[in-house]
Amino acid sequence: MSNLLNTMEEYSWLASWAIWESVNPTANFSSSKDIKENIDFNDYQNDLQKNNIVIIAMNPGGESNISDLQNVTRKRKESINSWKNFHSRGRSNDHHLASAFNDSKARGAYMTDFFPIVGSDSSKITDVIDTLKSEEPEQIKRLVKELDDELSTLLPTYNEINLICLGSVAEKWAKTFLSNPKTKYEDLNKTYNVYKVFHHSPLAESHRKKYALKHNIENNYATIIKKQLEEQGLKI
């Protein structure tokens, strides 16, 4: 069996795996403080990427690299502190991701961001992408092809990939560039099935609550997104 941690090492600054350890004796993830930091993914080799599910968000937060878009790329040969939990502990209700995916069919799935453009202002990132689409479309295509190549390296034996998108922006990009027959790039290596779930951040809390009330289910992130995915034909 190939070592996926080594195979995907160049992407580790941006990506992770849907496996979490809890410091809570009950093994629950009731808050981000329950997530153990710096787990060793080598201990979970047999749990990594058991199927064709990939979980994808918008972009990494942090100090912006927008001023250097010509050199932005998904690969980094000099990996520093590689393979941490997705977006690191304590940001944007990450314990919701743990509670939803850690004990599901998606456990061990690859997690990454659609674009490697760093920035914490989501509206600014979407503006950048919209501008690039109209003014520098070759840059967008380059980055999308890098994503396609990355996931092809991850899943060489699958023709189709099921993308679980965290939030509406990631879903919009995935459909526009990867799955919509009218707008997707024609020379992709894979076929993509796109599924949307609510984002796990506090900003989406009111939308999640309304959805739970509408469907008469518990206002719990794991319960809500599993219901969403079932409605779209994907059971995890």
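Along every chain, residues carry numbers that run from 1 in the direction the sequence is written. At least 70 in pLDDT is required for a residue's local features to be given in this predicted model, at least 80 for side-chain atom pairs to be given and counted, and no such filter applies to totals for whole chains, interfaces and linings, which use all residues. With hydrogens and water stripped out, all remaining heavy atoms of the structure feed into the side-chain values.

(A) How the structure looks around the pairing of strand β3 (residues 110–113). Accessibility here uses a 1.4 Å probe with only protein chains present; expressed as a share of the type maximum, an area under 20% marks a residue as buried, one over 50% as exposed, and anything in between as partly exposed. Runs of H or I in DSSP of at least four residues are treated as helices and runs of E of at least two as strands, each being numbered from the N terminus. What you see with β3 is no split at all: Tyr110 and Thr112 on one side and Met111 and Asp113 on the other are buried throughout. Here strand β1 (residues 16–17) runs beside β3; their pairing, made up of two bridges, is antiparallel. Each residue of the ladder has a partner; that of serine 16, found in β3, is methionine 111. Direction of pairing for strand β2 (residues 53–57) relative to β3: parallel, over a ladder of four bridges. Considered in β3, the bridge of alanine 57 is made with aspartate 113. Note on pairing: DSSP must find at least two bridges between two strands before they are called paired.

(B) Focus on the packing of helix α2 (residues 94–101) against helix α7 (residues 221–231). With axes taken as lines fitted to C-alpha atoms, and helix axes fitted only over the stretch in contact, angles between N-to-C directions fall between 0 and 180 degrees. Taken N-terminus to C-terminus, the directions of α2 and α7 make an angle of 60°; their axes are 8 Å apart at the nearest point. Taken as axis vectors, α2 and α7 run oblique relative to one another. Seen from above, α2 lies across α7 with right-handed handedness. Where α2 abuts α7, its residues His96, Leu97, Ser99, Ala100 and Phe101 lie against Tyr221, Ala222, Ile225 and Lys226. Any residue outside Ala, Val, Leu, Ile, Met, Phe, Trp, Tyr, Cys, Pro, Asp, Glu, Lys and Arg is labelled polar, Gly included; the first ten of those are nonpolar and the last four are charged. Among the residues making up the contact of α2 with α7, the classes are represented as six nonpolar, two polar and one charged. Oblique is the label for every angle not falling under 35 degrees (roughly parallel), over 145 degrees (roughly antiparallel), or within 65 to 115 degrees (roughly perpendicular). Two helices cross in a left-handed way if the nearer one is turned anticlockwise from the farther one by less than a right angle. They cross in a right-handed way if the turn is clockwise. Note on contacts: a residue pair is in contact if any heavy atoms of the two residues lie within 4.5 Å.

(C) Spatial organisation of the sheet that holds strand β4 (residues 160–166). In space, the five strands of this open sheet follow the order β1-β3-β2-β4-β5, with mixed pairing throughout. Two strands in the sheet have a free side with no partner beyond their single neighbour: β1 and β5 (191–197). Across four bridges, β2 lies against β4 in parallel orientation. Bridging from a neighbouring strand, valine 54 pairs with leucine 163 of β4.

(D) Geometry of the side chain of threonine 112. Along the chain, threonine 112 turns up in strand β3. With relative accessibility at 0%, the residue threonine 112 sits in the buried group. With sequence-adjacent residues up to four places away left out, threonine 112 is seen in contact with Leu14, Ala15, Ile55, Ile56, Ala57, Arg74, Phe86, Leu147 and Glu150.

(E) Looking closely at the side chain of glutamate 171. By the secondary structure assignment, glutamate 171 is in helix α5 (residues 168–179). On the basis of relative accessibility, which here comes to 16%, the residue glutamate 171 falls in the buried class. Glutamate 171 has contacts with Cys165, Val194 and Lys196, leaving out every residue within four places of it along the chain.

(F) Geometry of the nonpolar core. Ranked by internal contacts, the top residues of the largest apolar core, which has 44 residues, are Trp17, Tyr110, Phe114, Phe115, Ile117 and Leu163. Those elements that place two or more of their residues in this core are α1 (4–7), β2, α3 (122–135), α4 (137–154), β4, α5 and β5. With six residues, α4 is the largest single contributor of residues to this core. The term nonpolar core refers to a set of buried residues drawn from Ala, Val, Leu, Ile, Met, Phe, Trp, Tyr and Cys, joined through side-chain atoms within 4.5 Å.

(G) The pattern of salt bridges, seen in detail. Salt bridges are identified by distance alone: a Lys or Arg side-chain nitrogen within 4 Å of an Asp or Glu carboxyl oxygen. The tally for this structure, following the rule as stated, stands at eight salt bridges. Between glutamate 150 and arginine 74 there is a salt bridge, with its nearest N and O atoms 2.4 Å apart. Taken together, the residues glutamate 150 in helix α4 and arginine 74 in the loop between β2 and α2 connect sequence positions 76 residues apart. In this structure, glutamate 150 and arginine 74 share a single accessibility class: buried. Two residues, lysine 145 and aspartate 148, come together in a salt bridge whose shortest N-O distance is 3.5 Å. With lysine 145 and aspartate 148 both in helix α4, this residue pair falls three residues apart, about one helical turn. Among the residues examined, lysine 145 registers a relative accessible area of 17% and is labelled buried.

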